[in-house]
Structure formats: C-alpha cells, structure tokens
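An overview of the molecular structure
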Amino acid sequence: MDAEKNHEFVIRCDGEPSKLIMLPPSVLAKFTQRLRQRYPDHDWAVADRFQPQGAD
C-alpha cells in the first residue's frame with residue numbers, strides 16, 4: 001500500500017497568510033480542529049495551495 005501523497009496547504013490566521021505546510025489531505029480536518037481548539041482567539045482558515053492545471 002502506497003503512502004498518501006502530501007499536499008501543500010496555506011494556513012491563514014485572522015485573514016493573513018501565516019504558514020505553508022505539507023500534509024496528507026486525510027489529516028487536514030484533525031489538524032485544523034486542533035489548531036482552533038488550541039488558539040480559539042484567532043480566526044483560522046486552511047486552504048489547498050494553488051496548483052497549476054495539469055500538475056499531479
């Protein structure tokens with residue numbers, strides 16, 4: 001069984017880009033949930049970094 005491929009995600013804190021992180025998509029929801037629990041005073045958003053069309 002192959003390991004799940006990591007994707008680049010941009011983490012935004014209060015609307016400002018904060019960090020670029022590489023994670024497998026399957027752990028993204030748990031990561032975001034823990035970030036919001038740990039730092040509830042901030043507005044966190046995580047989005048897939050732009051991938052050019054045709055990039056795999």
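So, a few notes on the structure that sits alongside this text. (Residues numbered from 1 in each chain as written. Predicted model: local features only at pLDDT ≥ 70, side-chain atom pairs only at ≥ 80, totals over all residues. Heavy atoms only, no water.)

1. Re the nonpolar core
By size, the foremost hydrophobic cluster in this structure holds 8 residues: Phe 9, Ile 11, Cys 13, Ile 21, Leu 23, Leu 28, Leu 35 and Trp 44. Per element, the largest residue contribution to this core is 3 residues, and it comes from strand β1 (residues 7-13). Contact partners of Leu 28, with chain neighbours within four places excluded, come to Phe 9, Leu 23 and Val 46. (Core = buried A, V, L, I, M, F, W, Y, C linked by side-chain atoms within 4.5 Å. Buried < 20%, exposed > 50% of the residue type's maximum accessible area, 1.4 Å probe, protein only. Helix = DSSP H or I, 4+ residues; strand = E, 2+ residues; numbered from the N terminus. Contact = heavy atoms within 4.5 Å.)

2. Quick word on unusual backbone geometry
The phi angle at Asp 14 is positive, at roughly 55°, despite the residue not being glycine. Looking at the secondary structure, you find Asp 14 in the loop between β1 and β2 (16-23). Since its relative accessible area comes to 43%, Asp 14 is described here as partly exposed.

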